[in-house]
Amino acid sequence: MSILKDLGQKAMQLAIQAAPETWLPGGRPDPLAAKHGLIGAPVSRLDGALKVAGQARFAAEVALPGLLHAALLCSTIARGRIASLDTTAAEAAPGVALVMTHRNAPRMNPPALFGTSPNAAGPTDLPIMQDDTVHWNGQPVAVVLAQTREQADHAARLIAVTYDQADAITSFEAAKAHAHAPPSLMGEPSLLEIGNAEAALAAAPVQVDATYVTPRHNHNAIELHAATVMWEGDTLTIHDASQLVVATAETVADVFGLKHDQVRVLSPYVGGGFGGKCLWDHQILAAAASRLAGRPVRMVLTREDVYRLVGGRTNTEQRVALGARPDGTLAALIHTGVAAVTAHNDCPEQFSFPARHLYAADSFKVGQQVAEMDMLANTFMRAPGESVGTFALESALDELAEKLGMCPVALRRTLEPERDPTTGHAFSSRHLVEAYALGAERFGWAERSAIPGSRREGEWLLGMGCATGTYPYYRMPGAAARITLHADGSAVVAAAAHEMGMGTATVHAQVAAERLGLPLDAVRFDYGDTRLPPSPVAGGSSQTASVGAAVLAAHGALMAELAKLIGNDSALAGLSADALEARDGGLAAREDPARFETYASILGRAGRTELSAQADAPPPLETQKWSMHSTSAIFCAVKVSAITGEVRVTRLLGAFDCGRILNAKTAASQFRGGMIMGLGLALTEETLFDERTGRIMNASLADYHVPVQLDVPAIEVLWTDRPDPHAPMGARGIGEIGITGVGAAVANAVYNATGKRIRTLPITLDKLL
């Protein structure tokens, strides 16, 4: 069957490549991409006032009558079985209503693993609290419900557990001995070879061949993961902090053997997601405990719980080898390596993706393997794959530039391809060279010394570095939207989308207002509720395109319905929907703007108080026709103490090519936020994993170091703002591109300052002394 499926996919790809552009989604540019009213305006987030005033209700703040508070007890072994479990003292503790373990938990189906079906959301395919088996150090083994959180926490500490340990693979070196290629990498082949790259490397006059290592990282969103749940008969309501409400509802329904419409998930406000606010065990455990107790339950993970239950970025070991000619052109580009995973999830940290699309070369060998360990399942974390893959690739490019005696920016300009170097597809829109020119001029790149360690101010060694960032354009299938136009000239746009602080509601209100020809304050965007038209996961920097395509389709459907309501006595009589355009609170003839009628007049004549239209977005076939990627040029300046090895980033600039920027204020915030996470990746963040026990040792913000204000310099962002003619609104994703390239830019700046090449992140004092 897999052979037939592969053949079918190849046939589809060939058909899409052969099809005329106008037959495909994105074949005609979105007219909105060229408009300049609300599109691109620096509108403040519409939910900002509610959040500042404390009126935005998050998942942990939903008040329900009879609410019980949950606390977890987690395992302390990496693999084995529960030998004994004594809950007597906990059950007798003050305020305790229930202790749930595998012995009394409701019978539940294992969750469907994310990616195995359109709305599967399980982080693994493991059953949840159904038997005495332990699969990782930190797995929940008991849930305590009590009248207060403090009572629940106290009682959880009274539970006595012993274990029968089994042999576990908790060493990355041991796991690598059994590393293997995954069946695919996010739908792409795990190994891509063009020509004989190893032979071309061996014959190349200039060579770089090095290994780069990146550690585990943990999610640390400011808002802790939380779920407040309530059963009404066989109907379950979950107030969640989620970036995939529809998939969560359907997966939880399948776990409990319910119909999909029997589970409702609401998530209007999320305090940061970054890939971690998806479905984990705590939502299912809260629902199971609530059903058992017959009362609503709130489960808020502690910061330590987040480290035990919520996966993060996995560790990688990467080889990058470049074979070049004296003019800088590449005869060979090799990027291979291995990432740690578990046997029960599918998140291979696709670090090899940037090498497939960034640079021209005569031959390629790009691929990766996975090494299975007994650990908490890793998951998506801002720019999974690209964040760490660009560290390796862009560090190697810097090493090659030095060997060639070339400016690193000039080398990248030399390697700029005319078409996608591995697929041969035309780029939908690519202005990376322009971004480098803009960034280099603004940053003052010409002041960089090509001689490492040659610039100094007192004890401080000064350096500059640059790197390319990249992230694919994704538009997820399964999005729909509804537009309701009211007789008073207002409109409501609805989709079960997600607002995690990035400005989703604001941007889609801007887009809808511009499409409808209405002022912004006349448009409301409803979201975060599975009773609304479905939306796919808010991940992969895809939500704006995914929901935007659905709104575009719904607008087309609404225009068709409005055209039907136009009467013979209207100034627009006889015109089809294609001959109309929205402006000034109504419709006008495209060829004769004087022919105009307001929405209120059209609806009033038809005796309607409102008009609704709903539509599905078309399938994202544009990604199979064109090579679509956001790119960036990152510039960094550092100073490094020659005495202590302390690294201080003094300047950071990103020049981005992401298509049309829809909101200048929220986009700049996204770019800066990603770049700050990149500083953490480069200098401070590392999950300390005890390879003897499989336990995370620094499960707190006191011990896991994220960048704070004094670590972050002034950050400049600029962009090309060139619309992508094949993307909705002309916009590609911006949520993840900011972190990519930053790790390498910092490492390259450190090398320029000190002459020390750091190939293992994070860059800490001990590596520089």
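Residues numbered from 1 in each chain as written. Predicted model: local features only at pLDDT ≥ 70, side-chain atom pairs only at ≥ 80, totals over all residues. Heavy atoms only, no water.

What exactly am I supposed to notice about the pairing of strand β3 (residues 96-100) here?
In regular strands, side chains alternate between the two faces of the sheet. In terms of burial, β3 is largely enclosed, as four of its five residues are buried. The pairing of β3 with strand β5 (residues 140-146) spans four bridges and is classified as antiparallel. Paired with Met 100 across the bridge in β5 is Val 143. (Buried < 20%, exposed > 50% of the residue type's maximum accessible area, 1.4 Å probe, protein only. Helix = DSSP H or I, 4+ residues; strand = E, 2+ residues; numbered from the N terminus. Pairing = 2+ DSSP bridges.)

Where do I start with the side chain of Thr 314 in this structure?
Inspection of the secondary structure assignment puts Thr 314 in the loop between α9 (303-309) and β13 (316-324). For Thr 314, the side chain forms a polar contact with the side chain of Asn 315, separated by 3.4 Å. A polar contact of 2.6 Å, which involves the side chain of Thr 314, links it to the backbone oxygen of Ala 340. (Polar contact = N/O pair within 3.5 Å; in protein donor to acceptor, adjacent residues only side chain to side chain.)

Quick question: what am I supposed to make of the packing of aromatic side chains here?
Here a ring pair, both rings aromatic, is described through the centre-centre distance and the interplanar angle of the planes. Using the criterion set out here, one finds twelve aromatic pairs in the structure. Ring centres of Trp 445 and Phe 635 lie 5.5 Å apart, and the angle between their planes is 65°; on these two criteria the pair is classed as edge-to-face. In this pair, Trp 445 is assigned in the loop between α13 (432-443) and β17 (456-457) and Phe 635 in strand β26 (residues 629-641), connecting sequence segments 190 residues apart. For Trp 445, a relative accessible area of 8% puts it in the buried group. Ring geometry for Phe 671 against Trp 719: centres 5.9 Å apart, planes inclined by 45°, an arrangement best described as tilted. With Phe 671 in helix α18 (residues 664-683) and Trp 719 in strand β30 (residues 715-719), the pair connects residues that are 48 residues apart, well separated along the chain. A relative accessible area of 0% places Phe 671 in the buried class. Pairwise contacts between aromatic rings join Tyr 436, Phe 443, Trp 445 and Phe 635 into one cluster. One Lys or Arg, Arg 216, reaches over the ring of Phe 689 and ends 3.9 Å from the middle of that ring. The ring of Phe 427 has Arg 430 sitting right over it, with the charged end atom 4.7 Å from the ring centre. (Phe/Tyr/Trp six-rings, centres within 6.5 Å; stacked < 30°, edge-to-face > 60°. Lys NZ or Arg CZ within 6 Å of the ring centre and 35° of its normal.)

Got a minute to help me understand unusual backbone geometry in this structure?
Peptide bonds are trans in most cases, and residues, glycine excluded, mostly fall at negative phi. Here Leu 761 and Pro 762 are connected by a cis peptide whose omega angle stands at -5°. Inspection of the secondary structure assignment puts Pro 762 in the segment after α19 (742-754). One non-glycine residue, Met 186, lies in the positive phi region at around 50°. Structurally, the position occupied by Met 186 is in the loop between α5 (172-176) and β7 (191-194). Owing to a relative accessible area of 42%, Met 186 belongs among the partly exposed residues under this scheme. Its identity is not glycine, yet Glu 349 carries a phi of approximately 50°, on the positive side. If you trace the backbone, Glu 349 turns up in the loop between β14 (330-341) and α10 (353-357).

Whenever I open this one, helix α14 (residues 504-516) confuses me. Can you help?
Along an α-helix, a turn takes 3.6 residues, which lines up residues three or four apart on a common side. Counted at 1.5 Å a residue, the expected span for α14 with its 13 residues is 18 Å, and the 18 Å between its end C-alpha atoms agrees. α14 sits mainly inside the fold: 13 of its 13 residues count as buried. Once α14 ends, the next one or two residues include Gly 517, with phi positive near 70°. (Expected span 1.5 Å × (residues − 1).)

Teacher, can you tell me more about the pairing of strand β23 (residues 586-589) here?
The alternating pattern of β23 places Gly 586 and Ala 588 on one face and Leu 587 and Ala 589 on the opposite face, and all of these are buried. One ladder, built from four bridges, connects strand β22 (residues 580-583) with β23; its direction is antiparallel. Paired with Glu 581 across the two strands is Ala 588, which belongs to β23. Here β22 folds back onto β23 in antiparallel fashion, the turn holding two residues, of which Asp 584 has a positive phi close to 50°. In the sheet, β23 pairs with strand β24 (residues 596-598) via three bridges, with the strands oriented antiparallel. By the bridge assignment for β24, Ala 588 is matched with Phe 596. Two successive antiparallel strands, β23 and β24, enclose a turn made up of six residues.

Can you walk me through the pattern of salt bridges in this structure?
A side chain with one charge may pair with a side chain of the opposite charge, provided their charged atoms come close. This model, assessed by the stated rule, comprises 37 salt bridges. Its salt-bridge partner being Glu 434, residue Arg 722 comes within 2.6 Å of it at the nearest N-O pair. Of this pair, Arg 722 sits in the loop between β30 and α19 while Glu 434 sits in helix α13; the two residues are 288 residues apart in sequence, bridging distant segments of the chain. Residue classification places Glu 434 among the partly exposed residues on the basis of a relative accessible area of 27%. Between Arg 692 and Asp 690 there is a salt bridge, with its nearest N and O atoms 2.8 Å apart. Overall, the relative accessible area of 72% leaves Arg 692 in the exposed class. Residue classification places Asp 690 among the buried positions, given a relative accessible area of 11%. Three or more residues are tied together by salt bridges with common partners; here these are Glu 198, Asp 209, Arg 319 and Lys 365. (Salt bridge = Lys/Arg side-chain N within 4 Å of Asp/Glu carboxyl O.)

Remember, this is a structural readout, not a statement about activity or role.
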